[in-house]
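# Notes for the structure review
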Amino acid sequence: MLAAARKVAAVRARVQGLGAVWQCERWQHSELGSTVHPGGEGGYCGLYPGHVPTSPLQKALLAVGSGVAALLDPYRHDSVAVLGETTGQLALRSLRDQMKRDPEGQSILQERPRIRLSTLDMSALGALPNGTLGREYLRFLQTNRVTPDSRLAVRFVDDEELAYVMQRYREVHDLLHTLLHMPTNMLGEVVVKWFEAAQTGLPMCMLGAALGPLRLSPRSDPSCGCSPW
């Protein structure tokens, strides 16, 4: 009996040890930035906060479902976000590698800056001269009544660094609207998607650029300042 008890204790210790190793290997960046230990205060079990691990089959099903939903209603931002995450692995790797080859890109990957209301000085942006990127970006936010905090968090990218690249792509989206002088109507979104498709290679952007025009009316919105499509 004593020998059996010792064996049980040994097995239990071994399992507990493996569990500790498993936990240590899952330390990741909280909010795609600071480190948090799983199981502690604010802990989590995924690769980053909000991460939902999925198999290739699950990703395929999510991609199909979200793609159909986004086509039926292009303003379903949640569907567009899921489609981008479940189909963008190769493009995100390419973007990450390009960033690593550039000094500024390397700095962004290391420092992980975020574009959020908590990191923006709205008063300073408002004090900039008209025509500057900062002032026009603020004007875009105010005119369209949008906020950088409305961008959804990444959930289905199974790599913490690539998840940040996807989050960064989302957070500069409104800057592209500003640079291209595009509103947030359907035509404006399609134009921005063409630009993003060329710049990022994300399949979601390519699909949006190719299929988005199907949702356009015969005449474009005059407020866009573009020629009719």
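Structure: above.
An account of the accompanying structure is given in this report.

## Digging into the overall build of the chain
Each helix and strand in the chain was counted, giving 11 helices and 2 strands. For the chain, the N- to C-terminal ordering of α and β elements is α-β-β-α-α-α-α-α-α-α-α-α-α. Sequence separation of 24 or more characterises 57% of the internal contacts of the chain that already satisfy a separation of 6 or more. Accessible area for the chain stands at about 13,600 Å²; split by element, carbon and sulfur atoms hold 61% of it.

## Comments concerning the layout of surface pockets
Each pocket or cavity is described by its volume, and for the largest pocket that value is around 880 Å³. Contributing to the lining of the largest pocket are 34 residues, with Pro-74, His-77, Val-80, Glu-189 and Lys-193 lying nearest its centre. Here the element with the most residues in the lining of the largest pocket is helix 3 (residues 77–87); it accounts for 5 residues. Estimates place the volume of the second largest pocket at around 560 Å³. Taken together, 16 residues line the second largest pocket, and the ones lying closest to its centre are Leu-95, Arg-168, Tyr-169, Val-172 and Thr-200. Elements with a contribution of two residues or more to the lining of the second largest pocket: helix 4 (89–100), helix 8 (160–171), helix 9 (173–180) and helix 10 (186–200). Class assignment for the residues of the lining of the second largest pocket results in 11 nonpolar, 3 polar and 2 charged.

## A look at the packing of helix 2 (residues 56–72) against helix 3
Remark: helix 2 packs on helix 3, axes separated minimally by 8 Å, with the N-to-C direction vectors making an angle of 145°. Seen along the crossing, helix 2 lies across helix 3 with a hand that is left-handed. Contacts between helix 2 and helix 3 involve Lys-59, Leu-62, Ala-63, Ser-66, Gly-67, Ala-69 and Ala-70 from the first element and Ser-79, Val-80, Val-82, Leu-83, Thr-86 and Thr-87 from the second. Here the residues of the contact of helix 2 with helix 3 sort into 7 nonpolar, 5 polar and 1 charged.

## Digging into helix 2
For helix 2, which comprises 17 residues, the first-to-last C-alpha distance of 24 Å matches the rise-based estimate of 24 Å (1.5 Å per residue) to within 8%. Considered for burial, the residues of helix 2 that qualify are Lys-59, Ala-63, Ser-66, Ala-69 and Ala-70. On an axial view of helix 2, the arc spanned by its buried residues comes to 145°, and they lie on one face. Those residues of helix 2 that are exposed and angled more than 90 degrees off the buried face are Leu-57, Leu-61, Val-64 and Leu-72. Close packing links the buried residues of helix 2 with helix 3.

## So, the nonpolar core
In terms of nonpolar packing, the biggest core is built from 21 residues, with Leu-92, Val-157 and Leu-202 touching the most fellow members. Among the elements that line this core, the one with the most residues is helix 8, at 6 residues. Ignoring any residue separated from it by four or fewer positions in sequence, one finds Val-157 in contact with Tyr-48, His-51, Glu-85, Gln-89, Leu-92, Leu-162 and Ala-163. Residues Ile-115, Tyr-137, Phe-140 and Leu-141 belong to the second largest nonpolar core, which totals 6 residues.

## Describing the side chain of Thr-86
Along the polypeptide, Thr-86 turns up in helix 3. Overall, Thr-86 belongs to the buried group, its relative accessible area being 13%. A polar side-chain atom of Thr-86 sits 2.8 Å from the main-chain carbonyl oxygen of Val-82. Polar side-chain contacts of Thr-86 include one of 3.4 Å to the backbone oxygen of Leu-83. Not counting residues within four places of it along the chain, the set of residues in contact with Thr-86 comprises Lys-59, Leu-62, Ala-63 and Phe-156.

What counts and what doesn't
- Residues numbered from 1 in each chain as written.
- Predicted model: local features only at pLDDT ≥ 70, side-chain atom pairs only at ≥ 80, totals over all residues.
- Heavy atoms only, no water.
- Helix = DSSP H or I, 4+ residues; strand = E, 2+ residues; numbered from the N terminus.
- Contact = heavy atoms within 4.5 Å.
- Areas by Shrake-Rupley, 256 points an atom, 1.4 Å probe, with all protein chains shown as cover.
- 1 Å grid on protein atoms, 1.4 Å probe; cavity = no way out; pocket = protein on both sides within 12 Å on 5 of 7 lines; lining within 4 Å.
- Points joined across faces, edges and corners; volume = space filled by probe spheres on them.
- Nonpolar A, V, L, I, M, F, W, Y, C, P; charged D, E, K, R; others polar.
- Axes fitted to C-alpha atoms, helices over the stretch in contact; angles between N-to-C directions.
- Left-handed = near helix turned anticlockwise from the far one by under 90°.
- Expected span 1.5 Å × (residues − 1).
- Buried < 20%, exposed > 50% of the residue type's maximum accessible area, 1.4 Å probe, protein only.
- Arc of directions from axis to C-beta.
- Core = buried A, V, L, I, M, F, W, Y, C linked by side-chain atoms within 4.5 Å.
- Polar contact = N/O pair within 3.5 Å; in protein donor to acceptor, adjacent residues only side chain to side chain.

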